[in-house]
Amino acid sequence: MEVLLIFPANMNYTIHHDAYVNSVIESQVKTISTTILKQVKDVVNVSLLGGFARGEGSVKIEKGRVLPLGDYDLLIVTSRPHFNLRINGLDELAEKFGMGHIDIAYVWKPRLSIAGKSLFWYEVKFGSQVLYGDHDLLEKIPMHNVMDIDLKEGIKLLVNRLAGMFQCYKPKFIHDKLSQCEREYMIYQTVKASLACGESLLLLIRRYHPKQLVKLDRFSKSFHSELSGYSLVNPQLLSNYEKALNFKMTPSFEMYPDELDFWFSTKRDVLLTTRFFLEMYKNLKINRQEEIPEYLLTKSNLDLIEYLKFESNIFKRKRRFTNLFQRRSIYDIFGAALIYLALSTRKDGIDDHFIEKAVSIIDVLIPYKKMVRGSPLQKWRKTKEILLEIWGCLH
């Protein structure tokens with residue numbers, strides 16, 4: 001039986017309105033959607049999320065072939081609850097399309113009406129494109145405007161993008177030339193982190209918007225007014241944000257000839273932005289960058305749903321649970337340790353002092369101090385490995 005999908009006529013998936021690019025993207029998204037619908041029989045809605053849904057997707061053209069830069073993000077709504085929904089064939093499709101992976105989120109229909117006040121659900125409601133099923137279903141999400149987003153989402157966004165930066169970084173890159181693939185991956189992840197700096201600040205002043213070009217306009221107008229306290233500390237962020245957005249709209253890796261310099265300068269931007277966001281959000285005064293993790297954990301409270309999801313995922317991977325009776329948010333613990341890892345990472349080597357601090361924080365969650373031995377570099381590698389595994393278990 002043929003699956004009836006909904007694709008608006010003349011929909012553009014990038015800002016360039018290129019008919020050939022549109023046809024390739026639409027064909028690939030149709031193939032993914034059909035694969036989902038053939039395997040998950042109780043689907044009531046499939047929606048495309050992210051840049052392609054907003055007409056702002058990133059692609060590159062190689063030898064006439066359209067290659068999506070990044071991934072496709074889709075949401076499945078089902079009539080029955082699923083606790084471990086697996087869809088076969090997506091990895092093969094991602095490889096065929098020349099992309100990293102295809103990201104599928106799923107939710108049981110009744111849960112839409114009690115969805116949390118997160119950036120994710122805001123983007124779903126106001127920045128998605130329905131491909132199959134009930135068009136009005138996503139209206140059940142209890143969000144009306146940007147004021148409904150919990151401000152802690154700004155910190156989560158920065159922490160997530162910082163983690164992405166460490167996915168693509170190795171200390172050996174200071175001395176060894178990166179391959180083309182490594183270089184492009186580093187630039188792509190770092191661009192996302194650069195954009196997150198501006199996006200989190202827009203969220204802080206309640207000027208966030210799903211569309212990138214609207215965000216740029218609002219950020220440009222707010223940077224020296226509502227965000228003047230930040231612009232005095234880091235005046236380069238506006239131009240960095242504009243450049244990153246230009247890359248996202250029209251990717252050209254030659255825009256960043258020195259990928260390592262870009263990585264380290266963006267790391268600095270992320271730390272400065274996290275510091276400013278925390279000061280405004282929690283009404284604090286943070287005197288030094290190394291105090292950020294301490295203040296991130298100030299008044300941090302356990303999120304029970306986040307905790308149970310994390311415990312379930314860590315058990316699936318490790319067949320063990322973490323330390324019980326956590327009092328703080330798992331995300332805050334992870335973020336604090338990750339920031340210490342960032343502080344330890346320098347062009348002239350690894351700062352062992354901050355690695356030890358990261359280890360101490362992680363040890364509260366997962367006892368592993370005995371596993372971290374050797375030189376500062378060896379301890380850095382093990383700490384990064386553990387942190388990225390924790391990050392994976394938070395999603």
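Above this note sits the structure.
Residues numbered from 1 in each chain as written. Predicted model: local features only at pLDDT ≥ 70, side-chain atom pairs only at ≥ 80, totals over all residues. Heavy atoms only, no water.

A. View of the overall build of the protein. Secondary structure summary: the protein contains 15 helices and 8 strands in total. Against the compact-globule benchmark of 21 Å for 395 residues, the protein has a radius of gyration of 21 Å, which places it among compact chains. Seen through its C-alpha atoms, the protein measures out along the principal axes to roughly 60 × 45 × 40 Å. Taking all 395 residues of the protein together, 54% fall into the buried category. The long-range fraction of contacts in the protein, counting pairs at least 24 apart against all pairs at least 6 apart in sequence, stands at 73%. Both charge centroids of the protein, one from 56 positive and one from 46 negative side chains, sit 4 Å from each other. (Helix = DSSP H or I, 4+ residues; strand = E, 2+ residues; numbered from the N terminus. Rg over C-alpha atoms; globule rule 2.2 N^0.38 Å. Buried < 20%, exposed > 50% of the residue type's maximum accessible area, 1.4 Å probe, protein only. Contact = heavy atoms within 4.5 Å. Lys, Arg positive; Asp, Glu negative; His and termini not counted. Charge placed at Lys NZ, Arg CZ, Asp CG, Glu CD.)

B. Layout of the sheet that holds strand S4 (residues 72-78). With respect to topology, 4 strands assemble into an open sheet ordered S5-S4-S1-S6, the strand pairing being mixed. Two strands in the sheet have a free side with no partner beyond their single neighbour: strand S5 (102-108) and strand S6 (129-133). This sheet shows a mean twist of 20° between the axes of neighbouring strands, independent of strand direction. Its contacts with the sheet place helix H1 (residues 19-39) against strand S1 (43-49), S4, S5 and S6, and it is angled at close to 30° to S4. Helix-sheet contacts for helix H4 (residues 119-127) involve S1, S4 and S5, and the interaxial angle to S4 is about 85°. (Pairing = 2+ DSSP bridges. Axes fitted to C-alpha atoms, helices over the stretch in contact; angles between N-to-C directions.)

C. Expanded view of the side chain of Gln 129. In this structure, Gln 129 sits in strand S6. Overall, Gln 129 belongs to the buried group, its relative accessible area being 16%. Apart from residues lying up to four places away in sequence, Gln 129 is in contact with Pro 8, Met 11, Val 46, Ser 47, Leu 48 and Ala 53.

D. Region of the structure containing the environment of Ser 79. You can see Ser 79 is positioned in the loop between S4 and helix H3 (90-97). For Ser 79, a relative accessible area of 40% translates into the label partly exposed. The spatial distance from the C-alpha of Ser 79 to the C-alpha of Asn 45 is 9.3 Å, given a sequence separation of 34 residues. With sequence-adjacent residues up to four places away left out, Ser 79 is seen in contact with Asp 42, Val 44 and Trp 108.

E. Expanded view of the pairing of strand S2 (residues 59-62). In the sheet, S2 pairs with strand S3 (residues 65-68) via 4 bridges, with the strands oriented antiparallel. Among the inter-strand pairings, Lys 60 is bridged to a residue of S3, identified as Leu 67.

F. Focus on H1. The terminal C-alpha atoms of H1 lie 31 Å apart, and with 21 residues this matches the ideal 30 Å at 1.5 Å per residue to within 8%. Those residues of H1 that sit buried are Val 21, Asn 22, Val 24, Ile 25, Glu 26, Gln 28, Val 29, Ile 32, Ser 33, Thr 35, Ile 36 and Leu 37. Of the residues that open H1, the one with a side-chain oxygen 2.9 Å from the backbone nitrogen of Tyr 20 is Asp 18. (Expected span 1.5 Å × (residues − 1). Polar contact = N/O pair within 3.5 Å; in protein donor to acceptor, adjacent residues only side chain to side chain.)

G. Spotlight on the environment of Lys 152. Its place among the elements puts Lys 152 in helix H5 (residues 152-167). Along the primary structure Lys 152 and Phe 277 are separated by 125 residues, whereas in three dimensions their C-alpha atoms are 9.4 Å apart. Once residues lying within four places of it in the same chain are set aside, the contact partners of Lys 152 are Tyr 281 and Asp 303.

H. Geometry of the side chain of Asn 22. Structurally, Asn 22 can be placed in helix H1. Those residues in contact with Asn 22 that sit more than four places away from it in its chain are Met 11, Asn 12, Tyr 13, Thr 14 and His 17.

I. Quick look at the packing of aromatic side chains. Overall, the coordinates contain 21 aromatic pairs when judged by the stated rule. Aromatic side chains Tyr 169 and Trp 380 sit 6.1 Å apart centroid to centroid with 75° between the ring planes, which places their arrangement in the edge-to-face category. Taken as a pair, Tyr 169 in the loop between H5 and helix H6 (180-204) and Trp 380 in helix H15 (residues 376-393) lie far apart in primary sequence, 211 residues in all. The class of Tyr 169 is buried, set by a relative accessible area of 1%. Pairing Tyr 331 with Phe 334 gives two aromatic rings, centres 6.2 Å apart and planes at 75°, and the pair type is edge-to-face. Of this pair, Tyr 331 and Phe 334 are both found in helix H13 (residues 330-344), 3 residues apart, which corresponds to roughly one turn of the helix. The buried category is assigned to Tyr 331, whose relative accessible area is 8%. The exposure class of Phe 334 is buried, given its relative accessible area of 1%. (Phe/Tyr/Trp six-rings, centres within 6.5 Å; stacked < 30°, edge-to-face > 60°.)

J. Spatial organisation of the pattern of salt bridges. Counted by the stated rule, this structure contains 19 salt bridges. Lys 347 is the partner of Asp 261 in a salt bridge, and the nearest nitrogen-oxygen pair spans 3.6 Å. Residue Asp 261 is located in helix H10 (residues 259-281), and its partner Lys 347 is located in the loop between strand S7 (345-346) and strand S8 (349-350); the two are separated by 86 residues in the primary sequence. You can call Asp 261 partly exposed: its relative accessible area is 39%. Between Arg 288 and Glu 290 there is a salt bridge whose closest N-O contact spans 3.4 Å. Its relative accessible area of 29% is what places Glu 290 among the partly exposed residues. By sharing partners, the salt bridges in this structure join Arg 54, Glu 56 and Glu 123 into a single network. (Salt bridge = Lys/Arg side-chain N within 4 Å of Asp/Glu carboxyl O.)

K. Representation of the pairing of S4 within the structure. With 6 of its 7 residues buried, S4 lies for the most part within the structure. Sheet topology places S1 next to S4; 6 bridges connect them, and they run antiparallel. Bridge pairing in S4 links Val 46 to Ile 76. In this structure, S4 lies alongside S5, joined through 7 bridges in parallel fashion. Bridging across to S5, Asp 73 finds its partner in Asp 103. For the segment spanning S4, H3 and S5, crossover handedness is right-handed. (Right-handed = clockwise from strand over helix to strand, strands pointing away.)

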